[in-house]
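Each chain is listed here by its residues.
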Amino acid sequence: MRKLGLLLGALALVAAVGPNWVSSVRVQPYGAFVMGKPAAPAKLVEYLSYTCSHCAQFTAESGVPLKLNYVAKGLATVEVRNAVRDRYDFAAALLARCGGAARFFGNSEALFATQTVWLGKAGDFETANSERLGKLPMNDSLKAIARGVGLDAIMKARGFTPVQIDACLSDAAAQKLVVAMTNEAWSVRKISGTPSFLINGKTVEGPGSWANVENGLKAALAVTVK
């Protein structure tokens, strides 16, 4: 009876705490990844580029408070859409998708956390290899880029094998989705740059900082989250 009581107590505790919505991640039909409670009252969308330093800064600033104070509590969802700017960004966007929904946000954060390292190599690599890359088939070019600037090393450190990395870069369906999201961002929605944000379908005006976005979330929720 004592064991049964302990079990019931543990179950009650789990029920009281509720689900951790940070671990709830799904992919939209058009390729974007969404974290959080589907019925959350605030829907945050970020258009990002992996070669955008401001996007890396936003990810670093927002990571803990956005997840802890909004997503985990079921107050907000976070949707990431690609707005690719160059072929290095394209390679990174494809690698972020490796492993599907369960790995996406961790991959994305790792790519931004190491951005100064791999992007710092891109200029010299481009100067030395631009002509060669232009003559390669796209998949071979993406693989050369990943190896040349160290994107493959970042993914290997996250447990992906060289075969898996090459498969992610060569995934035609993923390429199509990323290109379509990019076209929607720049040509249809006509975002002014990256990062750009929507909250409940409305453009967030002002700087692409966590402070500004959080103000938008608070306004949408009509509450102050401390």
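Refer to the structure above for everything that follows.
Asker: Explain the overall build of the chain to me, using residue names and the numbers behind them.
Answerer: Along the chain, the regular secondary structure elements total 10 helices and six strands. In terms of overall dimensions, the chain has C-alpha extents of about 70 × 45 × 30 Å along its principal axes. Here the chain holds 226 residues, and the buried ones make up 44% of them. Nonlocal contacts in the chain, meaning residues at least 24 apart in sequence, comprise 75% of its contacts between residues at least 6 apart. Carbon and sulfur atoms make up 61% of the accessible area of the chain, which amounts to about 11300 Å² in all. Averaged over its 25 positive side-chain charges, the chain has a centre that lies 10 Å from the centre of its 16 negative ones.

Asker: Help me get a handle on helix H10 (residues 210-221), residues and values and all.
Answerer: Given 3.6 residues per helical turn, the α-helix brings residues three or four places apart onto the same face. Between its first and last C-alpha, H10 extends 16 Å over 12 residues, near the 16 Å set by a 1.5 Å rise per residue. Among the residues of H10, Trp-210, Asn-212, Val-213, Glu-214, Leu-217 and Leu-221 are the ones counted as buried. Along its buried surface, H10 packs onto strand E3 (42-48), helix H2 (53-71), strand E4 (76-82) and strand E5 (196-199). Phi turns positive one or two residues past the end of H10, at Ala-222, with a value near 60°.

Asker: Kindly report on the nonpolar core, identifying the contributing residues and their values.
Answerer: Tyr-50, Leu-95, Leu-151 and Leu-217 are the most contacted members of the largest nonpolar core, which totals 56 residues. Ranked by the residues each element gives to this core, the list is headed by helix H3 (residues 87-96), at eight residues. When near neighbours in sequence (up to four residues on either side) are disregarded, Tyr-50 contacts Asn-82, Asp-89, Ala-92, Ala-93, Ala-96, Phe-104, Ser-108, Leu-111, Phe-112, Gln-115 and Trp-118. Membership of the second largest hydrophobic core comes to six residues, among which are Val-45, Ala-83, Ala-185 and Ile-191.

Asker: Which residues make up the side chain of Asn-82, and what values do they have?
Answerer: Checked against the element boundaries, Asn-82 lands in strand E4. A relative accessible area of 4% places Asn-82 in the buried class. Residues within four places of Asn-82 in sequence aside, it is in contact with Leu-48, Tyr-50, Ala-93, Arg-97, Val-178, Met-181, Thr-182 and Ala-185.

Asker: How would you explain the packing of aromatic side chains if you had to name every residue and give the values?
Answerer: This model, assessed by the stated rule, comprises seven aromatic pairs. Measuring from ring centre to ring centre gives 4.2 Å for Phe-33 and Phe-104, while their planes differ by 10°; the resulting arrangement is stacked. Taken together, the residues Phe-33 in strand E2 (residues 33-35) and Phe-104 in helix H4 (residues 101-113) connect sequence positions 71 residues apart. Measuring from centroid to centroid gives 4.6 Å for Phe-58 and Phe-197, while their planes differ by 50°, and the two rings are tilted. You can see Phe-58 sitting in helix H2 and its partner Phe-197 sitting in strand E5, a full 139 residues away along the chain. We classify Phe-58 as buried; its relative accessible area is 2%.

Asker: Tell me what's going on with the pairing of E5, and back it up with residues and numbers.
Answerer: On E5, burial covers both faces: Ser-196 and Leu-198 on one face and Phe-197 and Ile-199 on the other are all buried. When E3 meets E5, the two strands line up antiparallel, connected through four bridges. Bridge pairing links Glu-46 to Phe-197 in E5. From the end of E5 to the start of strand E6 (residues 202-203), which pair antiparallel, there are two residues, and Asn-200 there has a positive phi angle of about 55°.

Asker: Residues and numbers for the side chain of Glu-46, please.
Answerer: Within the secondary structure, Glu-46 is located in strand E3. No salt bridge is formed by the buried Glu-46. Its closest oppositely charged neighbour is Arg-81, at 11 Å. When neighbours within four sequence positions are excluded, Glu-46 is seen to be in contact with Phe-58, Glu-79, Val-80, Arg-81, Pro-195, Ser-196 and Phe-197.

Asker: Tell me about the pairing of E3, and please be specific about residues and values.
Answerer: Look at any regular strand and the pattern is simple: side chains alternate between the two faces of the sheet. The buried fraction of E3 is high, at six of seven residues. Bridging between E3 and E4 involves seven bridges; their strand directions are parallel. Considered in E4, the bridge of Tyr-47 is made with Arg-81. Crossover E3 to E4 through H2 is right-handed.

Calculation rules
- Residues numbered from 1 in each chain as written.
- Predicted model: local features only at pLDDT ≥ 70, side-chain atom pairs only at ≥ 80, totals over all residues.
- Heavy atoms only, no water.
- Helix = DSSP H or I, 4+ residues; strand = E, 2+ residues; numbered from the N terminus.
- Buried < 20%, exposed > 50% of the residue type's maximum accessible area, 1.4 Å probe, protein only.
- Contact = heavy atoms within 4.5 Å.
- Areas by Shrake-Rupley, 256 points an atom, 1.4 Å probe, with all protein chains shown as cover.
- Lys, Arg positive; Asp, Glu negative; His and termini not counted.
- Charge placed at Lys NZ, Arg CZ, Asp CG, Glu CD.
- Expected span 1.5 Å × (residues − 1).
- Core = buried A, V, L, I, M, F, W, Y, C linked by side-chain atoms within 4.5 Å.
- Phe/Tyr/Trp six-rings, centres within 6.5 Å; stacked < 30°, edge-to-face > 60°.
- Pairing = 2+ DSSP bridges.
- Salt bridge = Lys/Arg side-chain N within 4 Å of Asp/Glu carboxyl O.
- Right-handed = clockwise from strand over helix to strand, strands pointing away.

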